[in-house]
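Chain residues, written in single-letter form:
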Amino acid sequence: MKVLVLCTGNSCRSQMGEAILREINPELEVVSAGTKIADRVHPLAVKAMAEIGVDISSFRPKMVDEFLKDGVDFLISVCGGAKDACPAFTGPVGTRLHIGFDDPAYAEGTEEEIFNVFRRVRDEIRRDFAKFNEEYILKKIKHGSFK
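Reading guide: rules and limits
Residues numbered from 1 in each chain as written. Predicted model: local features only at pLDDT ≥ 70, side-chain atom pairs only at ≥ 80, totals over all residues. Heavy atoms only, no water. Buried < 20%, exposed > 50% of the residue type's maximum accessible area, 1.4 Å probe, protein only. Helix = DSSP H or I, 4+ residues; strand = E, 2+ residues; numbered from the N terminus. Arc of directions from axis to C-beta. Contact = heavy atoms within 4.5 Å. Phe/Tyr/Trp six-rings, centres within 6.5 Å; stacked < 30°, edge-to-face > 60°. Lys NZ or Arg CZ within 6 Å of the ring centre and 35° of its normal. Pairing = 2+ DSSP bridges. Axes fitted to C-alpha atoms, helices over the stretch in contact; angles between N-to-C directions.

Would you take a moment to explain helix 2 (residues 43–51) for this structure?
A turn of α-helix holds 3.6 residues, and therefore any two residues three or four places apart point the same way. Buried within helix 2 are the following residues: Leu44, Ala45, Ala48 and Met49. Along the long axis of helix 2, the arc covered by the buried residues comes to 135 degrees, so they all point the same way.

Rendered as C-alpha cells:
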C-alpha cells in the first residue's frame, strides 16, 4: 500500500510525516513530495525528528512529478494555514485526505520558540497519522479491503 504525503516545499511537514508514518506502520510504502520544493530539508525538522529517535538527515525534497505516473493508494496533503495553498496531485489516487498542520518554517520568535513550533507540529503529525493508520489502513485491512 503506497501513501504520498504532499506539501508545497517538501521541507518540513511532509518530510516529518513520511518518516513518522513509516515508523507507525513499516508495512506501508510512504513517500513525500512537493510542488515548489525547497533546496533542503529544514534543519529544525531534522533536529525535531532526531529528538524522537528518527533520522531524516539523509532525506531530500522531491518533486511530485516523480510520483505522478505510479499512482498511490492514499494521498495526504498536510498544508495548513492561510499562507499555504495545497498543491494538486494529478496521478491516480485511491483516497485523498487533507490532514493540515501549521508550517513551522514560518514560525517567529526566539530560537527556542521556533524550535518549539517544530516540536508541536511533529507531535501533531504523530498523533494524527497514528489516527489515520488506525482509521484507514488497519480498518481496511481488517475488513478485507486491502491485502
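Could you clarify how one ought to interpret the environment of Ala33 in this entry?
Mapped onto the elements, Ala33 comes out in strand 2 (residues 29–34). Under the relative-accessibility criterion, Ala33 is labelled buried at 0%. In the structure, Ala33 is positioned 28 residues away from Val5 in sequence and 6.5 Å away in space, judged by C-alpha atoms. The contact partners of Ala33, leaving out residues within four places of it in the chain, are Leu4, Val5, Leu6, Cys7, Asn10, Ser14, Lys62, Met63, Val64 and Phe67.

Would you explain the packing of aromatic side chains in this entry?
Pairs of aromatic rings are described using the distance from one ring centre to the other and the angle between the two planes. For the structure shown, the criterion picks out four aromatic pairs. Among the aromatic residues, ring-to-ring pairing joins Phe74, Phe132 and Tyr136 into one connected group. Positioned over the ring face of Phe115 is Lys47, at 4.5 Å from the centre of the ring.

Would you mind showing me how to read the environment of Pro104 here?
Mapped onto the elements of the fold, Pro104 is located in the loop between strand 4 (93–98) and helix 3 (111–142). Distance in space between the C-alpha atoms of Pro104 and Leu44 is 9.0 Å, their sequence separation being 60 residues. Once residues within four sequence positions are removed from consideration, Pro104 is found in contact with Cys12, Arg13, Met16, Val117, Phe118 and Val121.

Sorry, what's going on with the pairing of strand 3 (residues 72–77) here?
Two faces, one strand: in a regular strand the side chains alternate between the faces of the sheet. Summarising burial for strand 3: five of the six residues are buried, a large majority. Bridge analysis of strand 3 against strand 4 gives five bridges, and the strand direction is parallel. What sits directly across from Phe74, in strand 4, is Thr95.

Where do I start with the sheet that holds strand 1 (residues 2–7) in this structure?
Backbone-to-backbone hydrogen bonds join strands into a sheet, with any given pair of strands oriented parallel or antiparallel. Spatially, the four strands line up as an open sheet ordered 2-1-3-4, and their pairing is parallel. Each edge of the sheet is formed by a strand with only one pairing partner; in this case those strands are strand 2 and strand 4. Looking at each pair of strands side by side, their axes are set apart by 20 degrees on average, direction ignored. With six bridges joining them, strand 1 and strand 2 adopt parallel strand pairing. Within the sheet, the bridge partner assigned to Val5 lies in strand 2 and is Ser32. Packed onto the sheet, helix 1 (residues 13–24) meets strand 1 and strand 2 and runs at close to 180 degrees relative to strand 2.

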